[in-house]
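Residue-level structural notes
Chain by chain, the residues:
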Amino acid sequence: QKVESVPQDATVDQLRDLFHEASEASGLECPCPEKQRVVYQGKEIRDCTLEQAGISDGCSVVVVERRDLVTRCSPVVDKSPAKEWIQEMTTKLAEQKGNIVSRSGVMGTGGHDRSTAAS
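Predicted, not measured: the structure shown is a model, and the values here were computed from it.

Our next topic: a nonpolar patch on the surface. Together, Trp85, Ile86 and Met89 make up an exposed nonpolar region whose accessible area comes to about 310 Å². Examined against the element boundaries, Ile86 turns out to sit in helix H4 (residues 82-97). We classify Ile86 as partly exposed; its relative accessible area is 41%.

Attention shifts here to the pattern of salt bridges. For the structure on display, the rule yields five salt bridges. Note that Asp13 and Arg16 form a salt bridge whose closest N and O atoms lie 2.7 Å from each other. Taken together, the positions of Asp13 and Arg16, both in helix H1 (residues 12-26) and three residues apart, correspond to about one turn of that helix. For Asp13, a relative accessible area of 45% gives the class partly exposed. Where Arg37 meets Glu44, a salt bridge forms, and the shortest distance between an N and an O atom there is 3.2 Å. Since its relative accessible area comes to 22%, Glu44 is described here as partly exposed.

Criteria and thresholds
Residues numbered from 1 in each chain as written. Predicted model: local features only at pLDDT ≥ 70, side-chain atom pairs only at ≥ 80, totals over all residues. Heavy atoms only, no water. Patch = residues over 30% accessible without salt bridge, like charges linked within 9 Å, V, L, I, M, F, W, Y side chains within 5 Å. Areas by Shrake-Rupley, 256 points an atom, 1.4 Å probe, with all protein chains shown as cover. Salt bridge = Lys/Arg side-chain N within 4 Å of Asp/Glu carboxyl O. Helix = DSSP H or I, 4+ residues; strand = E, 2+ residues; numbered from the N terminus. Buried < 20%, exposed > 50% of the residue type's maximum accessible area, 1.4 Å probe, protein only.

Printed below as a string of structure tokens:
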């Protein structure tokens, strides 16, 4: 979408608002201004005027949606009631294979308790 007549002293925030308004008017989907990343020459620009960013008449910028990585990367298992079941089953399997000694909780291999092997 081409946006006409943006003053050089316009801020990036004003540009985001302009993109959003223009996309709504033309029926295109554009993220809300708070979720927009404005990219010029491969770098995200923010908190400056177009002139400070080096954007002049005829330049192209790219608008992409900002992702919330904190929410996307947070583990779901921590909040799952199955977490305890998974831990319980893992412990039982390790005990059966001899990789853990349940009475002392000390990890070992081959069914040997390392806490007593050295004495």
